[in-house]
Amino acid sequence: MLTAEQNDELTQVEAGTPMGEVLRRYWYPVAFTRELNEFPVKRVELLGEFFALWRSPSGRLGIVPEACPHRKASLAYGVVEADGIRCPYHGWVFDADGECTEQPAERENTAFQNRVKAQAGKVEEMGGLIWAYIGPMPAPELPRFDTYVMEGFRDIGWADLPCNYVQIMENAVDPHHVEFLHGRYFEFVGRHEGFTAPASFGKEHVKIGFTPFEWGIIKRRVLKGASEENDDWKVGHPLVFPYNMRVGGGGIHQMQIRVPINRTTTRFILYTVHSPDGYEHVEQPVIPDYEIPVYDKDGRHVTNYVEGQDIMAWVTQGAITDRTTEHLGRSDIGIAMLRKMFREQMDVVADGGDPLGTIREPHERIDLPCEKDKFHAGGAQFALDFCDMGSTRFSPMLDTIKKIHISAADKIAVEKAAADS
């Protein structure tokens, strides 16, 4: 249980607040690459602030606060030019560093031009996403986590959710919810809608554990019929501080991203790479992105798929969970650990340090620990259940994705048979 003041501090995202300052030390995906290919400027909201994001004809990316420093007209309606973005109102131009490079009606007043600057952030493209950093400079390196740079076939599901990101992140260190929300509740929904829920999600938890590490917290579980030698415990999967969770199994690699758009809106992104053993490269000129359903036509949550069940549990807690009336038990040890980590990183930033997971050295790839044999359910079958009963069922590339997993499994079976003969 938290006091009202502690809950308020934990869930803030605005500039100048302890948690808001922590969050501004990280990079966030703010657009899909294809969006700026289709139109070169986009209005984006991040951490409760609005920005103009753009790509120049030469490919240079930039982000500045939406309000033009001149007289506050929106730069999100600006004209993208070779060296920056031109305000549609009076034509002032700002480059990717925020420098004002042109003031058409002030040509004789160069000293004035030099005094005007927009507070520019940094922007990079990686893995079909446009990433932005809007915190203090110098900016850290954009972490090149394995899912964004590995070989494989990609697709990206997403939804904007009307709740604070912290209650979503607390779910990432709550193993027990799986056997009930995705097990017993899934079976209940299936009985009434006429489908069979995947059995692997309903397995009983015998033991859970959590290990702090350089990127966050590794979540571990032992399920009934398994042991500490199984991947779910021996490897586990990580909460990547402060807004990601890396999951996987059956040749599927996924980063679940929870971007704090503002204090009561979170963009939930399911960035998935399909790369099973035996995978053969499939050309993918554009990475598809698609919105996953949150509500049905009657305004009820759609809960006949895994992530829809999670969304229901997060959103129905309210825009910001009231933690002053909760009752945490022993099974909630991971949630207590995460809240402590948030508090510790507020102190680190207040003391002038870099928070957990900040990286300042150039690098090619960061491999995160993640189980391969999830729920000891078998590779290909887990992958097909993932496709049919999770958010991937809404992908425009579902048929291609399933063929990738079936073909890879067949290839491995043939190779194994040949080796055994």
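Reading the values: the criteria
- Counting of residues starts from 1 at the beginning of each chain's written sequence and follows it residue by residue.
- It should be noted that, the model being predicted, local features are given only for residues of pLDDT at least 70 and side-chain atom pairs only at 80 or more, the latter also being counted only at that level, while totals for whole chains, interfaces and linings use all residues.
- Excluding hydrogens and water, the side-chain figures rest on all heavy atoms present in the structure.
- UniProt positions are given in the numbering used here, feature names are shortened, and annotations may be inferred rather than shown by experiment.
- Segments assigned H or I by DSSP are reported as helices when at least four residues long, segments assigned E as strands when at least two residues long, and all are numbered from the N terminus.
- As annotated, the domain borders come from an automatic or database domain assignment.
- Contacts: residue pairs with any heavy atoms within 4.5 Å of one another.
- As a working definition, buried area equals the accessible area (1.4 Å probe) given up by two parts on being put together, with both sides summed.
- Between Lys or Arg on one side and Asp or Glu on the other, a salt bridge is scored when a side-chain nitrogen of the former is within 4 Å of a carboxyl oxygen of the latter.
- Two N or O atoms count as a polar contact when they lie within 3.5 Å, although within protein this holds only if one can serve as hydrogen donor and the other as acceptor, and sequence-adjacent residues are included solely when both atoms are side-chain atoms.
- Categorising residues by exposure relies on relative accessible area from a 1.4 Å probe, with only protein chains included: less than 20% of the type maximum marks a residue as buried, more than 50% marks it as exposed, and the intermediate range marks it as partly exposed.
- By this definition, two strands are paired if DSSP reports at least two bridges between them.
- The term nonpolar core refers to a set of buried residues drawn from Ala, Val, Leu, Ile, Met, Phe, Trp, Tyr and Cys, joined through side-chain atoms within 4.5 Å.
- Working convention: axes come from line fits to C-alpha atoms, limited for helices to the stretch in contact. Angles between N-to-C directions cover 0 to 180 degrees.

Describing the UniProt feature "domain: Rieske" (unreviewed entry) in the protein
Step number 1: Following the UniProt record, the feature "domain: Rieske" (unreviewed entry) maps to residues 27–123 here.
Step number 2: Its end C-alpha atoms 9 Å apart, residues 27–123 is made of 12% helix and 37% strand.

Looking at the domain arrangement of the protein
Step number 1: As far as domains go, the protein holds domain 1 (27–133) and domain 2 (146–420).
Step number 2: Look at where the C-alpha atoms of domain 1 and domain 2 centre, and you get two points 34 Å apart.
Step number 3: Residue-level contacts link 14 residues of domain 1 with 16 residues of domain 2.
Step number 4: The contact between domain 1 and domain 2 buries some 1300 Å² in all, and 67% of this surface belongs to carbon and sulfur atoms.
Step number 5: Taken together, the connections running from domain 1 to domain 2 amount to one salt bridge.
Step number 6: The salt bridge partner of Arg-34 is Asp-289, with a shortest N-O separation of 2.7 Å.
Step number 7: Taken together, domain 1 and domain 2 are joined by seven residue pairs in polar contact (both at pLDDT 80 or more).

Some thoughts on the pairing of strand β1 (residues 28–32)
Where a strand is regular, its side chains alternate between the two sheet faces.
Step number 1: For β1, the tally of buried residues reaches five of five residues, placing the bulk of the element in the interior.
Step number 2: Across four bridges, β1 lies against strand β10 (residues 129–133) in antiparallel orientation. Bridge assignment links Pro-29 to a residue of β10, and that residue is Trp-131.

Thoughts on the nonpolar core
Step number 1: With 69 residues, the main nonpolar core has Leu-53, Tyr-148, Phe-241, Ile-257 and Phe-342 as its most contacted residues.
Step number 2: With six residues, the single largest contributor to this core is helix α10 (residues 333–350).
Step number 3: Excluding residues that lie within four positions of it along the chain, Ile-257 makes contacts with Pro-29, Leu-129, Tyr-148, Tyr-243, Asn-244, Arg-267, Phe-268, Ile-269 and Tyr-271.
Step number 4: Core analysis: the next-biggest nonpolar cluster, separate from the first, contains 18 residues, Ile-85, Trp-92, Ala-96 and Cys-100 among them.

Section: the sheet that holds strand β16 (residues 252–262)
Backbone-to-backbone hydrogen bonds join strands into a sheet, with any given pair of strands oriented parallel or antiparallel.
Step number 1: Taken in spatial order, the eight strands make up an open sheet running β12-β13-β14-β15-β16-β17-β11-β18, and their pairing is mixed. Looking at which strands have only one partner, the edges of the open sheet turn out to be β12 (205–213) and β18 (289–291). In this sheet, adjacent strand axes meet at a mean angle of 20° when their direction is disregarded.
Step number 2: Where β12 meets strand β13 (residues 216–223), eight bridges bridge the pair, whose relative direction is antiparallel. Counterpart to Gly-209 in the pairing with β13 is Arg-220.

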